[in-house]
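# Close look at the chain arrangement
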Amino acid sequence: MASLSPDDEQGILVQEPNSFVRSLTLNRPEQLNALSNDMVSRLIELVLFYQQDAKINLVILKGEGRAFCAGGDVAALARLLFEGNWRTAIEINGKLYKLMHLVATNKKPQVAILDGIVMGAGAAISIHGRFRVATKNSIFAMPETALGCFPDMGSSHFLSRLPGSLGEYLALTGARLDGADMLACGLATHFVASDKLALLEEALVLKMASPNISSYDLADNISAIIKEYSQQPNLSERSALNRMDTINKCFSKRTAEEIFTALENEATNSKTDDPWFSSTIHKLNRAAPASLKIALRSVRQGRTEGVVECLVREHRISSIGLRVEAHTDFKEGCRALLLDKDGNPKWEPRRLELVDDEMIDKFFTPFDENDELKELQVPTISKL
């Protein structure tokens, strides 16, 4: 493809194969394409520019190396927190939320090629777009609760719309899905063999290179092109989707404590020594107790909200989580997993039963006009 811009210095390769298609490659492979502040700034600039260019029919988004995008630059936020610069961390995080808002409300079709790791903000920036192409290399997860955080960037919108209680299961445990799982549950719109991706991109570039395609027909045309290269993969024997009866039975419980109890009861009553139960309970036990309750409420509240409402609310929760004077779990998770790497975070509170409703309510309560923290500023809040 021709016309490569110098944006690689900002972690993004911009390709302009013709006047109608743009291809953006996240290019920090050693950091699994985690979104740095510079990358976020450039992506905001590009998305806004493409929105205003009537000629552009399609934006392709992909990642260099073995990851599409592993999320936001958590390491950079951690450094700011340990330097005492939590206000700067909140500002940078807010910019990432603004990018997600732009992607979620953008009328230009986006095709995300998810040929690798898709986690956290990397999941959000793709799933908020129109088309998500999974492959056999796709690995999806929202692992935030193990870091003392919660699935954010609007993820309560798409997690809450997954079948049954799968969203609660993924949000609380950080469990992984593969490409076949992603397609089956709706996180991906298509599944394409990795060795066919180059052909798919060539077809998209060629067939979308027309000034005569109506904006009303763009999505249908793109979907038809991708469908030509798509396949229907089989679920693996270990797929979580084969356990939906158990997931629905346990993760539909009203509280996090009841979810624990239901899992333990199911494990006891199981006729086989199923390692899935011990693995799932272990994932919950390693998570920050407050994060479990925040994540559970967030996903369930997301079912009645539009994507923009979810973004505004999650920005509020994450801002409180970054203000270390109010809540220390995220900073502690960064210490235990990223800095000291002792794998032994000291959560506060340490036990689930010590996390009361009043504590969780504070994360969901809109900021007072006199509060130093501010709500996410977006043009409108609509039921998208």
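Structure report, in brief. (Residues numbered from 1 in each chain as written. Predicted model: local features only at pLDDT ≥ 70, side-chain atom pairs only at ≥ 80, totals over all residues. Heavy atoms only, no water.)

Per the counting criterion, the structure on display carries 20 salt bridges. Residue Glu45 pairs with Arg42 through a salt bridge whose shortest N-O separation is 3.0 Å. Of this pair, Glu45 and Arg42 both sit in helix H1 (residues 37-52), three residues apart, roughly one helical turn. A relative accessible area of 46% places Glu45 in the partly exposed class. Asp340 is the partner of Arg335 in a salt bridge, and the nearest nitrogen-oxygen pair spans 2.9 Å. Exposure remark for Asp340: the relative accessible area of 46% places this residue in the partly exposed category. Each of Glu332, Arg335, Asp340 and Asp342 takes part in one network of salt bridges that share partners. (Salt bridge = Lys/Arg side-chain N within 4 Å of Asp/Glu carboxyl O. Helix = DSSP H or I, 4+ residues; strand = E, 2+ residues; numbered from the N terminus. Buried < 20%, exposed > 50% of the residue type's maximum accessible area, 1.4 Å probe, protein only.)

Let us now look at the state of the cysteines. One pass over the structure, following the stated rule, counts zero disulfides. In this model Cys69 remains outside any disulfide bridge; the closest cysteine sulfur is found in Cys149, 15 Å from its own. Between Cys149, a cysteine without a disulfide, and Cys334, which holds the nearest cysteine sulfur, the sulfur-to-sulfur distance is 8.5 Å. (Disulfide = S-S within 2.5 Å.)

The next subject is helix H6 (residues 166-173). An α-helical segment advances 3.6 residues per turn. Residues three or four places apart therefore align on the same side. Burial runs high along H6: eight of the eight residues are buried. Turning to H6, its buried residues number three or more, namely Leu166, Gly167, Glu168, Tyr169, Leu170, Ala171, Leu172 and Thr173. Looking one or two places after H6, you find Gly174, whose phi comes out positive at around 70 degrees.

A separate point is the sheet that holds strand S8 (residues 139-141). Across the sheet, four strands lie side by side as S4-S6-S8-S9; this open sheet has mixed pairing. Every other strand in the sheet has two partners, leaving strand S4 (67-69) and strand S9 (177-178) as the edge strands with one partner each. The pairing of S4 with strand S6 (residues 117-119) spans two bridges and is classified as parallel. Pairing of Cys69 across the sheet is with Val118, part of S6. (Pairing = 2+ DSSP bridges.)

For the peptide bond that leads from Glu348 to Pro349, omega is 0 degrees, which places it in the cis range. Position of Pro349 among the secondary structure elements: in the loop between helix H15 (329-339) and helix H16 (357-364). Although it is not a glycine, Leu32 sits at a positive phi angle of roughly 55 degrees. Considering the arrangement of structural elements, one finds Leu32 in the loop between strand S2 (21-26) and H1. On the basis of relative accessibility, which here comes to 21%, the residue Leu32 falls in the partly exposed class. The backbone of Lys341 sits at a positive phi, close to 55 degrees, despite the residue not being glycine. Within the secondary structure, Lys341 sits in the loop between H15 and H16.

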